[in-house]
Amino acid sequence: GSGCVVARRVHGRMSRPAEPSISPRSCLMVKTGECGAALGEPDTIYEPSTPQKNPNGLSDSCTDSSARLFGFHLPPKLVKSAAACGILQIFFFCAQNLLQEAVTSAAVSHGISRIGILLTVSETVFCAAVPALELLLDPTESGIQALYQLASTRVAIRYAVMAAVLTLSTGVANVSLEFLTIGTLVVLKSAKLLPVMCVGMTFFRKAYQPRQWQAAALLVGGVVLCVRADATSDVRFSWIGCGLALLALTGDAFYPYLQESMLAEGHPLQQMLIGTNVLAASYALLAAFVPSGGETWRLMAQHKWMCVAVLAHGWLQYAGLFFYLLLLKAHSPRTAVSFATVRKATTVLLALCLASRVPPFSYLLGAAVVLSSLLVEKGLLW
């Protein structure tokens, strides 16, 4: 779910986007999603025709190679190198996922049950605060004007709904790690293709080709085989976690279409991203600290390591999303998706290695079925 959407204009008119959200390869990416200015990765990708500043200091035109991360300008050679951006994206996301697994495991062993909510707070706050700060520090008046437009917008209710869906899907996925390992969660969320297609067909009158349904069926079948193997051999597995992950997938399926409808009505991209992220961060903070009655503060004061780890988690998440967005804008969606797929496979392999697990035959069979779904989607099989 999730993610950054950039507008495509053809002869001065907004064109209806192609739907890479229905591609199995795009569904093998982290949510999300999961991009610099927006939490998670894009499910619908438009291409810009005019330069426009985004909250990360990236240029939508991709013609200038200036980009800054946490206020620091990146070298132009790095920005222009797809391999460098892709490797950095893989590094930051894999580090974030493995840190998330380690923190959640330690919290479960210490009896801390709110770690998933705290991780959600970290993600949403970084994705809201850093772009807003970049806007305020913008030497032109465009940044302050964008924040003013956000504060005076008349579509706050729709932003609130989008932020609620985003916070719910992200938070539920993080909480599910109390019952699952990160490898299982990544595999489960790879099945996002089918709910995205079902939601699009049921609520938004989307139409899909038979080949796409075949690819979705194969993808889900491969995921089921992998999850069944995890149920018998993983160090931490519960069907409760699977249910939570499926609930997160439902939110992921609605979010890109909510984004698409807002953009189709002409709402500014920058305003939409900042608005949803700020509200999502507010929701996460309320969920983490209000119901606990001070218990969360006590836990954080008692376990200093948890505070450091939660902050590092948010920092790594933001850095990974930044380089994913940089790949989208400075190179191509195909390049970004390819590196994201490699990153997911790398995360699963690292999780298996760290757990000293030898995947059973059914797991390898499931992985082969998932790979075949990509070939079917591309017309290389059947």
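Residues numbered from 1 in each chain as written. Predicted model: local features only at pLDDT ≥ 70, side-chain atom pairs only at ≥ 80, totals over all residues. Heavy atoms only, no water.

Caption draft 1: Structural detail: the overall build of the protein. A count of helices and strands for the protein gives 15 helices and four strands. The proportion of buried residues among the 382 residues of the protein is 55%. (Helix = DSSP H or I, 4+ residues; strand = E, 2+ residues; numbered from the N terminus. Buried < 20%, exposed > 50% of the residue type's maximum accessible area, 1.4 Å probe, protein only.)

Caption draft 2: The arrangement of the packing of aromatic side chains in detail. In total, this model carries eight aromatic pairs according to the counting rule given. Considering the side-chain rings of F203 and F254, the 5.3 Å spacing of their centres and the 50 degrees angle between planes classify their relative orientation as tilted. Taken together, the residues span a long stretch of sequence, with F203 in helix 8 (residues 193-203) and F254 in helix 10 (residues 239-264) at a distance of 51 residues. Take F203: its relative accessible area is 54%, and that puts it in the exposed class. Look at F237 and W239: their rings are 5.0 Å apart centre to centre, the planes differ by 90 degrees, and that puts the pair in the edge-to-face class. (Phe/Tyr/Trp six-rings, centres within 6.5 Å; stacked < 30°, edge-to-face > 60°.)

Caption draft 3: Spotlight on the layout of surface pockets. Of the voids in this model, the largest pocket is the one considered here, and its volume is about 440 Å³. Contributing to the lining of the largest pocket are 19 residues, with V187, A345, V348, A367 and V370 lying nearest its centre. Residue composition of the lining of the largest pocket, by class: 16 nonpolar, two polar and one charged. (1 Å grid on protein atoms, 1.4 Å probe; cavity = no way out; pocket = protein on both sides within 12 Å on 5 of 7 lines; lining within 4 Å. Points joined across faces, edges and corners; volume = space filled by probe spheres on them. Nonpolar A, V, L, I, M, F, W, Y, C, P; charged D, E, K, R; others polar.)

Caption draft 4: Representation of a nonpolar patch on the surface. Residues L133, L136 and L137 make up a contiguous nonpolar surface patch of roughly 310 Å² in combined accessible area. Of note, L133 is situated in helix 4 (residues 115-136). Of the residues examined, L133 reaches a relative accessible area of 48% and is grouped as partly exposed. (Patch = residues over 30% accessible without salt bridge, like charges linked within 9 Å, V, L, I, M, F, W, Y side chains within 5 Å. Areas by Shrake-Rupley, 256 points an atom, 1.4 Å probe, with all protein chains shown as cover. Salt bridge = Lys/Arg side-chain N within 4 Å of Asp/Glu carboxyl O.)

Caption draft 5: Molecular detail of unusual backbone geometry. Despite not being glycine, R205 shows a phi value in the positive range, around 55 degrees. Along the chain, R205 turns up in the loop between helix 8 and helix 9 (210-233). Although it is not a glycine, S356 adopts a positive phi angle of roughly 55 degrees. As for its position among the elements, S356 is in the loop between helix 14 (333-354) and helix 15 (361-377). In this structure S356 comes out as exposed when scored by relative accessible area, which is 67%.

Caption draft 6: Region of the structure containing the nonpolar core. In this structure, L74, F322, F323 and L326 are the most contacted members of the largest nonpolar core, which totals 23 residues. The greatest single-element share of this core, amounting to ten residues, is contributed by helix 13 (residues 304-330). Counting residues in hydrophobic clusters, the runner-up holds 18 residues, among them I182, L188, C226 and A245. (Core = buried A, V, L, I, M, F, W, Y, C linked by side-chain atoms within 4.5 Å.)

Caption draft 7: Looking closely at the side chain of N97. Inspection of the secondary structure assignment puts N97 in helix 3 (residues 82-109). Other than its neighbours up to four places away in sequence, N97 contacts I182 and T347. (Contact = heavy atoms within 4.5 Å.)

Caption draft 8: Seen up close, the packing of helix 12 (residues 295-302) against helix 13. It is the contact of helix 12 with helix 13, at a shortest axis distance of 4 Å, that shows an interaxial angle of 100 degrees. The angle between helix 12 and helix 13 falls in the class roughly perpendicular. Contacts from L299, M300, A301 and Q302 in helix 12 reach K304, M306 and C307 in helix 13. A class-by-class count of the residues in the contact of helix 12 with helix 13 yields five nonpolar, one polar and one charged. (Axes fitted to C-alpha atoms, helices over the stretch in contact; angles between N-to-C directions. Parallel < 35°, antiparallel > 145°, perpendicular 65-115°, else oblique.)

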